[in-house]
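What follows is each chain in one-letter form.
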Number of protein chains: 2
Amino acid sequence: MALNKKPVTGMKDILPDEMRIRDYVIGVIKDTYGKFGFTSIETPCVENIANLSSRQGGDNEKLIFKILKRGEKLKLAEAETEEEVVDSGLRYDLTVPLVRFYSNNAANLPNPFKALQMGNVWRAERPQRGRYRQFMQCDIDIFGEPSNLAEIELILATTTTLGKLGFKNFEIRINERRILKAMAAYSGFPEEEYDSVFITLDKMDKIGIDGVEAELMGNGFSAECVGRYLELFRGLGTAEDGVEYLAAILGDYLEPEVKQNLQEIIASVRTTKSSAFDIVFDATLVRGMSYYTGTIFEIAMPEYGGSCGGGGRYDAMVGRFTGNDVPACGFSIGFERIIMLLMERGFKVPNEAKKTAYLVERGVSTDTLCDVLAMAQAERSAGRQVLVTRMNKNKRFQKEQLIGEGYEDFVEFYKKPMKQ
Amino acid sequence: MALNKKPVTGMKDILPDEMRIRDYVIGVIKDTYGKFGFTSIETPCVENIANLSSRQGGDNEKLIFKILKRGEKLKLAEAETEEEVVDSGLRYDLTVPLVRFYSNNAANLPNPFKALQMGNVWRAERPQRGRYRQFMQCDIDIFGEPSNLAEIELILATTTTLGKLGFKNFEIRINERRILKAMAAYSGFPEEEYDSVFITLDKMDKIGIDGVEAELMGNGFSAECVGRYLELFRGLGTAEDGVEYLAAILGDYLEPEVKQNLQEIIASVRTTKSSAFDIVFDATLVRGMSYYTGTIFEIAMPEYGGSCGGGGRYDAMVGRFTGNDVPACGFSIGFERIIMLLMERGFKVPNEAKKTAYLVERGVSTDTLCDVLAMAQAERSAGRQVLVTRMNKNKRFQKEQLIGEGYEDFVEFYKKPMKQ
């Protein structure tokens, strides 16, 4: 029976041209984050199904690729629910595995611990252009640093990396869960409805302030609440320092350190940054994951029209594994989007080795072949890329192909020495 | 409910010390193979279950992590067999996915195509020390090269890589499927029993020639057959050139080009090699996978006591996907074993960036913090690794910890300037 040549639905083969860019970007990321003291770690792609289904992952938990139990543990005939037949699944993000990793290994890790993870994650989303069911994530996280030095270093490391990859004119948008909550409390929304309010607020950039108003009213909130809430956003539109402005109005609804903390992050990043981007306070930034407890941030790239990464503080997640909370803050860059943007703009990997092709006529003696190979080895030791290949009958076509692959120099070897 | 801190059974978390070595080795592999013209590609970790169950994978097919169907396609209540509830699985090697990849993308690939793959594979083996259910494989393969230039380049690239990683005194053992078959035919074994004979032969290094004799007799083969067969191996023990010796005895049982082909590989590798290893003909080398059609080879490392990689020619596998055979030859290095050996011998990654730690007292002003961060950014741009971290109360302990992590220089920043 003929086998299936296609990748599984929604996943893709990566060809050499894209891989060259991916490998280069991975190198820049590892190198740049490394300079900030982030160390690479890795966790298995497979996690216990209980950890993946613990409500840390929001909607992603509906998209898990689940793995069948094996051997005697699988009792298929008796099984009626998925839970009975699976014991593990492919991770849908790197955060849940990282927190498990930290909980498991904290005794052998530095404190604070600065982790870099690059790895694939899987989500069984409806297949659509440019989105795949297997994709690479790239996360940096800091555990054990309660101060805003965590946020500052995460943002500086990420923006430095983006700068090295040639990205300019992007924006880091930053907000605070506690500001979101204080604004909702000040407006008089009931606490159990905050999440619903934030889901609507999150649509501000798509439906505008009138759309948000209509949806909140439609959801049955009082005109007074909604009015007070939107007044805050209208005021923000004209305020010079949004954090200062809100802190003044919110008064006791907002812990004073939140303001100082956030202002220091913005000021530090703004003064220190080496590449062309800006950091701005954005009170409409929500970010979906319910595990965030403090600052939240996102990279906005006009060229892409959407978020190219984001993160925030999640101080209560380690506690889910160990019973003891540990300060934690992370930043994830949208690796696949970055690769897509680079490919779209025809990015060329800099400083690639010079490429030479040796064309060897079929039937050369073993002695000649040995000479050819020794020459190639010497050139490779000197840093050049050398392809040793048989000469085709249609040599001209072969060379054209090789030129297309980036080979610049050609050396030809014949059975009999050519006449001078 | 508290979550599970441990990785899933048989898989492991990789900590920073090991990751540093892994990243370094990956870099050396990509760089060295790149110089030989191998280009990186990647396939999804998940493959259609039909491709994974096509008997190309031998016993590994019993060890597949199978993935449950999703949504309406999963009819659990009616299901009686695994086949009904799964549609895909985690790959158990990189060869089956590579051949699928080549079949799917050949039109967009160079010819010959030299591929480098580094990626995880999964096998649900019984957990045991040093063997994990998720592990990295590292394969190079050449498609479309019928001549022994494929074998020679694969062996030179792999041995050059091992040399760069500091490995010496290893041995490449090489054999030919067609020699294995010719020896069996010459001895009078029935063709349908060859595989059984080779399974016994494969144990030669463990049970010796007497053990092989006993097992073959026990399996019911005639004393004459077994005697003729073992006589060949006894003769090889004293022969100067094993290939020459066997070719002379086997006569018409062996195609003449097999001898010339194999001798040229051995001679070329021996003359060209740049590091301290040897390549030897080994008529007892079998290698398990049934898809091999020609040369087979293996890396023997005395320090490990076993094989550290291997490969061979499999000219008939692309045909399983496309109906048209394409010459193919590959070499897989035992990445995890190499990492284990390096870690055991206390390998240090060369040329790591110098590491400086800035200790910042809690409560410094935003201005001071900005100065500190700007200094750090400048040092990082100059290639140093700089950790900016809060100063702990027990500064001496903190420094000891950081020295343990490889930090050499310390700069301290205080709320108030220290007295001179």
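Figured I'd write up the structure that's included with this text. (Residues numbered from 1 in each chain as written. Chains lettered and ligands numbered in written order. Predicted model: local features only at pLDDT ≥ 70, side-chain atom pairs only at ≥ 80, totals over all residues. Heavy atoms only, no water.)

Time to look at helix α9 (residues 223-238) of chain B. When the terminal C-alpha atoms of α9 of chain B are compared, their 23 Å separation across 16 residues agrees well with the 22 Å that a helix rising 1.5 Å per residue should span. Buried residues along α9 of chain B sit against α6 (177-187), α7 (194-201), α8 (204-218), α10 (242-250) and β8 (277-281) of chain B. (Helix = DSSP H or I, 4+ residues; strand = E, 2+ residues; numbered from the N terminus. Expected span 1.5 Å × (residues − 1). Contact = heavy atoms within 4.5 Å.)

Turning our eyes to something else, we now look at the interface of chain A and chain B. Counting residues at the interface gives 107 residues for chain A and 107 residues for chain B. Summed over both sides, the interface between chain A and chain B buries roughly 8700 Å², with carbon and sulfur atoms accounting for 58% of that surface. Taken together, the links from chain A to chain B amount to 6 salt bridges. For D13 of chain A, the salt bridge goes to R100 of chain B, with nearest N and O atoms at 2.7 Å. Between the two partners, chain A and chain B, sit 38 residue pairs in polar contact (both at pLDDT 80 or more). (Buried area = accessible area lost by both parts, 1.4 Å probe. Salt bridge = Lys/Arg side-chain N within 4 Å of Asp/Glu carboxyl O. Polar contact = N/O pair within 3.5 Å; in protein donor to acceptor, adjacent residues only side chain to side chain.)

This brings us to the relation of the copies chain A and chain B. The transformation that overlays chain A on chain B combines an axial shift of 0.0 Å with a rotation of 180°, and the residual RMSD is 0.1 Å. Taken together, the turn and the small shift mark the pair as related by a two-fold rotation axis. Identified as the residue of chain A closest to the rotation axis by C-alpha distance is I67 of chain A, at 2.3 Å. Counting the interface residues of chain A, we find that 100% of their copies in chain B are interface residues as well, pointing to one common contact surface. (Least-squares fit on C-alpha atoms with pLDDT ≥ 70 in both.)

Here the focus is the sheet that holds strand β12 (residues 355-360) of chain B. All names here are of chain B. If you trace the 3 strands from one edge of the open sheet to the other, you get β13-β12-β14, paired in parallel fashion. At either end of the open sheet lies a strand with only one pairing partner, and these are β13 (385-390) and β14 (409-413). Pairwise comparison of adjacent strand axes, ignoring direction, gives a mean angle of 20° for this sheet. With 6 bridges connecting them, β12 and β13 associate as parallel partners. If you follow L359 over to β13, its bridge partner there is T389. (Pairing = 2+ DSSP bridges. Axes fitted to C-alpha atoms, helices over the stretch in contact; angles between N-to-C directions.)

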